[in-house]
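# Geometric and topological summary
This is what each chain is made of:
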Amino acid sequence: MKQLIIRVTKRVFDNQLDFKGKLFMVLGVSGTIISFVVGFYTLLTSNGDLRSTISTFSAGVIAPIIMIYVNRSKRYTLGYLITIAIVFIILFPIIFLTGGGYTGGMPSFFTFAVLFTVFMLDGYLAFFVSMAELSLYTALCVYAYNNPEIVIPLENEFAVVVDIIAGFLTTSLSLGLTMFLYIRTYNAQQRLLETARQEA
């Protein structure tokens, strides 16, 4: 485990990896860890209904596979789009419907998905994909409100609280790491520019 953490840390702060590559690694690792933690929690509290657990574990398994593909192929945009399509467009709605709907923590993960899209994609592609996600998630909430029978509720109020805490902690930590990486990269570029200016 320690060696894995060291390898991931070196990869994230590899100077040959650009900002988006580093960010993708951070979000992928954090998303994988969170998926397995939440997956084990839902497994213990699912009362025999394993749909949410299976969806959550699926996200945890798919994320590192995509990370390995992106890392080896360097096809970052394609990797981002695969992540968005499989995890955010397919798995997130399933987890939403099988994990309490808008009364749980999934709305925070919807925020995570849109932030990921805005940071990872560029220009019109970022705009249109993020708008599609926002439309899908809004429609899901409205549909769940009008058809509450399709949503599998969380077991009790304690499970709701845990789910909500997991949601906003994940979003907050991901955004914090994103800003940290952005500021770190920006400062490094500014130092290089200043050094080049002085040498000139």
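Up top is the structure.
Because the structure is a prediction, the values reported are computed rather than measured.

Cut-offs and rules
- Residues numbered from 1 in each chain as written.
- Predicted model: local features only at pLDDT ≥ 70, side-chain atom pairs only at ≥ 80, totals over all residues.
- Heavy atoms only, no water.
- Helix = DSSP H or I, 4+ residues; strand = E, 2+ residues; numbered from the N terminus.
- Buried < 20%, exposed > 50% of the residue type's maximum accessible area, 1.4 Å probe, protein only.
- Contact = heavy atoms within 4.5 Å.
- Patch = residues over 30% accessible without salt bridge, like charges linked within 9 Å, V, L, I, M, F, W, Y side chains within 5 Å.
- Areas by Shrake-Rupley, 256 points an atom, 1.4 Å probe, with all protein chains shown as cover.
- Salt bridge = Lys/Arg side-chain N within 4 Å of Asp/Glu carboxyl O.
- Axes fitted to C-alpha atoms, helices over the stretch in contact; angles between N-to-C directions.
- Parallel < 35°, antiparallel > 145°, perpendicular 65-115°, else oblique.
- Nonpolar A, V, L, I, M, F, W, Y, C, P; charged D, E, K, R; others polar.

Once that is clear, we can look at the side chain of Asp163. Turning to its location among the elements, Asp163 is positioned in helix H7 (residues 157–199). Look at Asp163 and you get buried, because its relative accessible area is 14%. In this structure Asp163 touches Gly99, Gly104, Gly105, Met106 and Leu154, once residues within four positions along its chain are discounted.

Now for a nonpolar patch on the surface. Taken together, Val161, Ile164, Ile165, Phe168, Leu169 and Leu173 make up a surface patch of nonpolar side chains, about 510 Å² in accessible area. Along the chain, Ile165 turns up in helix H7. Taking relative accessible area as the criterion, Ile165 reaches 36% and is therefore assigned partly exposed.

So, about the packing of helix H5 (residues 106–120) against helix H6 (residues 123–146). Interhelical geometry of H5 versus H6 gives an angle of 170° and a closest axis separation of 9 Å. Taken together, the axes of H5 and H6 lie roughly antiparallel to each other. For the pair H5 and H6, the contacting residues are Phe110, Ala113, Val114, Thr117 and Val118 in the first and Ala126, Val129, Ser130, Glu133, Leu134, Tyr137 and Leu140 in the second. Split by residue class, the contact of H5 with H6 holds nine nonpolar, two polar and one charged.

The next subject is the pattern of salt bridges. Applying the stated criterion across every chain, the model contains one salt bridge. Ionic pairing is found between Glu194 and Arg197, a salt bridge with its closest N-O pair at 2.5 Å. A residue pair is termed a helical-turn pair when its members lie 3 or 4 positions apart in one helix, as Glu194 and Arg197 do in helix H7 at three residues. Residue classification places Glu194 among the partly exposed residues on the basis of a relative accessible area of 33%.

So, to be careful, I would describe these as geometric facts and stop short of saying anything about function.
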